[in-house]
Amino acid sequence: MIDQELDDFTFVLFGAESDLARRKLIPSLYQLARWKQLPEKYRIIGVARSELDHQGFRSYARKCIEEHSFGGGESVTEPQLEAFCASLYYIQADFTEPEGYVSLEKEIHNNSHRNALCSNLLFYLSIPPIFAPVVIDNLEKAGLGGKNASCNGWRKIVVEKPFGFDLESARSLNAVVGRVFHEEQIYRIDHYLGKEPVQNILVFRFSNGMFEPLWNRQYIDNVSITIAEDFGVRTRGAYYEKSGVLRDIIQNHGLQLLAAIAMEPPVDLSAEAVRDEKEKVFRSLRPLTKDNVREFVLLGQYDGYRDEVDVAPDSTVETYAAIRWFVDNWRWKGVPFSMKAGKNLAERVTEIVLTFKCPPQNFFGPPESCSYTANQIIIQIQPEETIAIRFGSKRPGKELITDPVYMKFDSRISFVNEHMTPYQRLLLDAMAGDQMNFIRQDTVETSWKVIDALRDALKDEAPEIYPVHSRGPELR
Ligand code: BG6
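None of the values given here were measured: they were computed from a predicted structure. All residue numbers refer to position in the chain's written sequence, counted from 1. For this predicted model, a pLDDT threshold of at least 70 governs which residues receive local features, and a threshold of 80 or more governs which side-chain atom pairs are given and counted, while totals over whole chains, interfaces and linings are taken from all residues. To get the side-chain values, all heavy atoms of the structure are used, and hydrogens and water are removed first.

Draft legend 1. The arrangement of the site of the ligand in detail. Residues in contact with the ligand, as listed here, are Lys161, His191, Tyr192, Lys195, Glu229, Arg236, Asp248, Ile249, His253, Lys343, Arg348 and Gln382. The side chain of histidine 191 places a nitrogen or oxygen atom 2.7 Å from an oxygen atom of the ligand. Whenever a nitrogen or oxygen atom comes within 3.5 Å of another N or O atom, the pair is scored as a polar contact, on the condition that within protein one atom can donate a hydrogen and the other can accept it, and that pairs from neighbouring residues in sequence are kept only if both atoms are in side chains. The contact in question runs from an oxygen atom of the ligand to an N or O atom on the side chain of arginine 236, over 2.8 Å. Using a 1.4 Å probe, the Shrake-Rupley method yields the accessible areas, and only the shown protein chains count as cover for residues. Burial of the ligand by the protein amounts to 82% of the accessible area it has alone, namely 400 Å². Of the residues assigned to the shell around the ligand, the class counts are two nonpolar, three polar and seven charged. Proximity is defined per residue: if any heavy atom of the residue lies within 4 Å of a molecule or strand, that residue is considered near it. Only Asp, Glu, Lys and Arg are considered charged in this grouping, and only Ala, Val, Leu, Ile, Met, Phe, Trp, Tyr, Cys and Pro are considered nonpolar; every other residue, Gly among them, is considered polar.

Draft legend 2. Looking closely at the nonpolar core. Residues grouped as a nonpolar core are buried Ala, Val, Leu, Ile, Met, Phe, Trp, Tyr and Cys residues, joined through side-chain atoms within 4.5 Å. Only protein chains enter the area calculation, which uses a 1.4 Å probe; residues under 20% of their type maximum are buried, those over 50% are exposed, and those in between are partly exposed. Membership of the largest hydrophobic core comes to 106 residues, with the highest contact counts inside it found for Phe14 and Trp325. To qualify as a helix, a DSSP run of H or I must reach at least 4 residues; to qualify as a strand, a run of E must reach at least 2; elements of each kind are numbered from the N terminus. Counting residues per element, this core draws most heavily on helix H9 (residues 237-262), which supplies 12 residues. Not counting residues up to four positions away in its chain, the partners in contact with tryptophan 325 are Ile250, Leu255, Leu258, Leu285, Leu288, Val335, Pro336, Phe337, Met339, Val450, Ile451 and Leu454. Only heavy atoms enter the contact rule, under which two residues are in contact if any of them lie within 4.5 Å.

Draft legend 3. Local environment of unusual backbone geometry. Cis geometry is found at the peptide bond from lysine 161 to proline 162, where omega equals 0°. One can find proline 162 in the loop between strand E5 (155-159) and helix H7 (167-180). Cis geometry marks the peptide bond from glutamine 382 to proline 383, where omega comes out at 5°. Here proline 383 is to be found in the loop between strand E12 (376-382) and strand E13 (386-394). Its identity as a non-glycine residue notwithstanding, lysine 36 has a phi of 60°, on the positive side. Note on placement: lysine 36 falls in the loop between helix H1 (19-34) and strand E2 (42-48). For lysine 36, a relative accessible area of 67% gives the class exposed. Of note in the backbone geometry, aspartate 310 takes a positive phi value of approximately 65° without being a glycine. Relative to the elements of secondary structure, aspartate 310 occurs in the loop between strand E8 (297-302) and strand E9 (320-326). Given the relative accessible area of 53%, aspartate 310 is considered exposed.

Draft legend 4. Inspection of helix H14 (residues 422-432) at higher detail. Where burial is concerned, most of H14 is hidden: 10 out of the 11 residues are buried. Buried within H14 we find Pro422, Tyr423, Gln424, Arg425, Leu426, Leu427, Leu428, Asp429, Ala430 and Met431. Where H14 is buried, its residues meet strand E1 (9-14), H1, strand E4 (121-125), E5, strand E6 (186-188) and helix H8 (196-206). A positive phi of about 85° marks glycine 433, the residue just after H14.

Draft legend 5. Inspection of the sheet that holds strand E3 (residues 88-92) at higher detail. Paired strands, in this sense, are two strands between which DSSP finds at least two bridges. Reading across from one edge, E3-E2-E1-E4-E5-E6 is the order of the six strands in this open sheet, with parallel pairing throughout. The open sheet has two edge strands with one neighbour each: E3 and E6. Going across the sheet, the axis of each strand differs from the next one's by a mean of 20°, ignoring polarity. With respect to the sheet, H1 is in contact with E1, E2 and E4, its orientation differing from that of E1 by roughly 165°. An axis is simply a line fitted to the C-alpha atoms; with a helix, the fit covers only the stretch in contact. Between two such axes, the angle follows the N-to-C directions and lies from 0 to 180 degrees.

Draft legend 6. View of the pairing of strand E10 (residues 336-342). Here E10 lies mainly inside the structure; six of its seven residues are buried. With six bridges joining them, strand E7 (residues 220-228) and E10 adopt parallel strand pairing. The partner of valine 223 across the bridge, within E10, is phenylalanine 337. Pairing of E9 with E10, which is carried by seven bridges, proceeds in the antiparallel orientation. Across the sheet, residue tyrosine 320 finds its bridge partner in E10, namely glycine 342.

Draft legend 7. Quick look at the packing of H8 against H9. Interhelical geometry of H8 versus H9 gives an angle of 10° and a closest axis separation of 9 Å. Here H8 is positioned roughly parallel relative to H9, judged by the angle of their axes. Judged by residue contacts, Val198, Ile201 and Arg205 of H8 engage Leu257, Ala260, Ile261 and Ala262 from H9. Tallied by class, residues from the contact of H8 with H9 come to six nonpolar, no polar and one charged. Should an angle fall under 35 degrees it is taken as roughly parallel, and over 145 as roughly antiparallel, whereas 65 to 115 is taken as roughly perpendicular and any remaining angle as oblique.

Draft legend 8. Looking closely at the pattern of salt bridges. By convention in these notes, a salt bridge is any Lys or Arg side-chain nitrogen within 4 Å of a carboxyl oxygen on Asp or Glu. All chains considered together, the criterion is met by 30 salt bridges. Ionic pairing is found between arginine 171 and glutamate 445, a salt bridge with its closest N-O pair at 3.7 Å. You can see arginine 171 sitting in helix H7 and its partner glutamate 445 sitting in helix H15 (residues 441-457), a full 274 residues away along the chain. Owing to a relative accessible area of 44%, arginine 171 belongs among the partly exposed residues under this scheme. Here glutamate 445 falls in the buried class, since its relative accessible area comes to 15%.

Draft legend 9. Representation of the state of the cysteines in the model. For the purposes of this analysis, a disulfide is any pair of cysteine sulfur atoms at a distance within 2.5 Å. A complete count under the given rule lists zero disulfides for this structure. In this structure cysteine 64 is not part of a disulfide, and its nearest cysteine sulfur, from cysteine 85, lies 9.7 Å away. Overall, cysteine 85 belongs to the buried group, its relative accessible area being 4%.

Draft legend 10. Representation of the side chain of threonine 355 within the structure. Within the fold, threonine 355 resides in strand E11 (residues 349-356). A polar contact is formed between the side chain of threonine 355 and the side chain of glutamine 376, at a distance of 3.0 Å. Excluding anything up to four places from it in sequence, threonine 355 contacts Ile220, Asp221, Asn222, Ala374, Asn375 and Gln376.

Draft legend 11. Local environment of the environment of glutamate 461. Inspection of the secondary structure puts glutamate 461 in the loop between H15 and strand E15 (464-466). Take glutamate 461: its relative accessible area is 32%, and that puts it in the partly exposed class. In the structure, glutamate 461 is positioned 167 residues away from arginine 294 in sequence and 9.6 Å away in space, judged by C-alpha atoms. Polar side-chain contacts of glutamate 461 include one of 2.7 Å to the side chain of arginine 294.

Right, here's the structure in full:
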């Protein structure tokens, strides 16, 4: 873990009682405090509707931490928890009413706190997206907007996914947040970018001389990206009815994984340089339109989805998508990127496989040995955090027969005790002001443009029903 100096600051958590805050954000902040990753002085102000006082919020946070604490395999210890809870405060507010923001502003500027605590502010919106514009407007009215900041303090805002539900809504949310905060103060979160193996793709590709020369259309036959879950929509039927897997997973996690694999080397490691290269990938994606969509996209719905709570009995929302993308640029022209994402599939796995072209001649049996042993780089994001290289090896015995074998790196074996969760990592990045793993305005819009075109081209198609715990329908 890298220790970095952070400025003293106040963290304002809108939606302090949300599921995300309860399960991930509050426990993550606590872990960061225990690992001494937070600055010497910090305050966390929870904002939510419930009638709580500071003490009530501290008890609530303690419960969240006890129930959901994770990271490093260590257990909750009393003095550390006590110290963390002492930095928690609470403001009761209806997000749509200005009064709460007046109390928030007073609490932030409470004279008993040191100056930097009041001038460095990080707002975290863990709230339903529909409330984001009103919260941002009210922050501005209370003088707490990013553009209101005085020159000796910083302000940042972290906005949770989903960032809009199509291009138009994303543009209007960008306009609202962009009116009150500068782009360099805006952190649009996609928690996949906080996953260690996802961050490692950049390092794997650009810190090793042996892979990058092969990382292109001359050597790679195809790329496949799988984001499979072995459970259904659970209690999120209402959300899924409005989202479907295209908006829930493909537009963000799926395309971000694709961009990490397909991007060119950045000119340096600045957030802008890395994000420029990702944006170029999004802009190179071959548009999926009415003319080609049937060839390249297949949507599915798991059997029984229509019986889930808050789901329409005749719903045509997709819970599965198989898409063949093409990145039409010099590096990748002609290489299919097959992406599969879905709920209630056979297993929970997120994995990227790069399959290399076969050698020009197949000397060894069996006859199908090329596809059987074709070289692959297999990057497993979860449940394991591994990178495996598949190659052909002689099966011991008299004959020259090839079998596939694997060399495997397992991050949890090679790096014991170094693991942070995605939210811990991304929270630290936001506090430190590193935007590399947050989505930039143009990319949010480009990705919605791609998804909107795809959805529009498929708007009259009903998804194919697939059995629960199957592999999902295959794109032919
Ligand atoms: C969320 C989606 O963004 O990601 C969920 O809304 C999905 O539907 C989840 O289950 C998957 O995240 P992870 O980290 O468990 O792969």
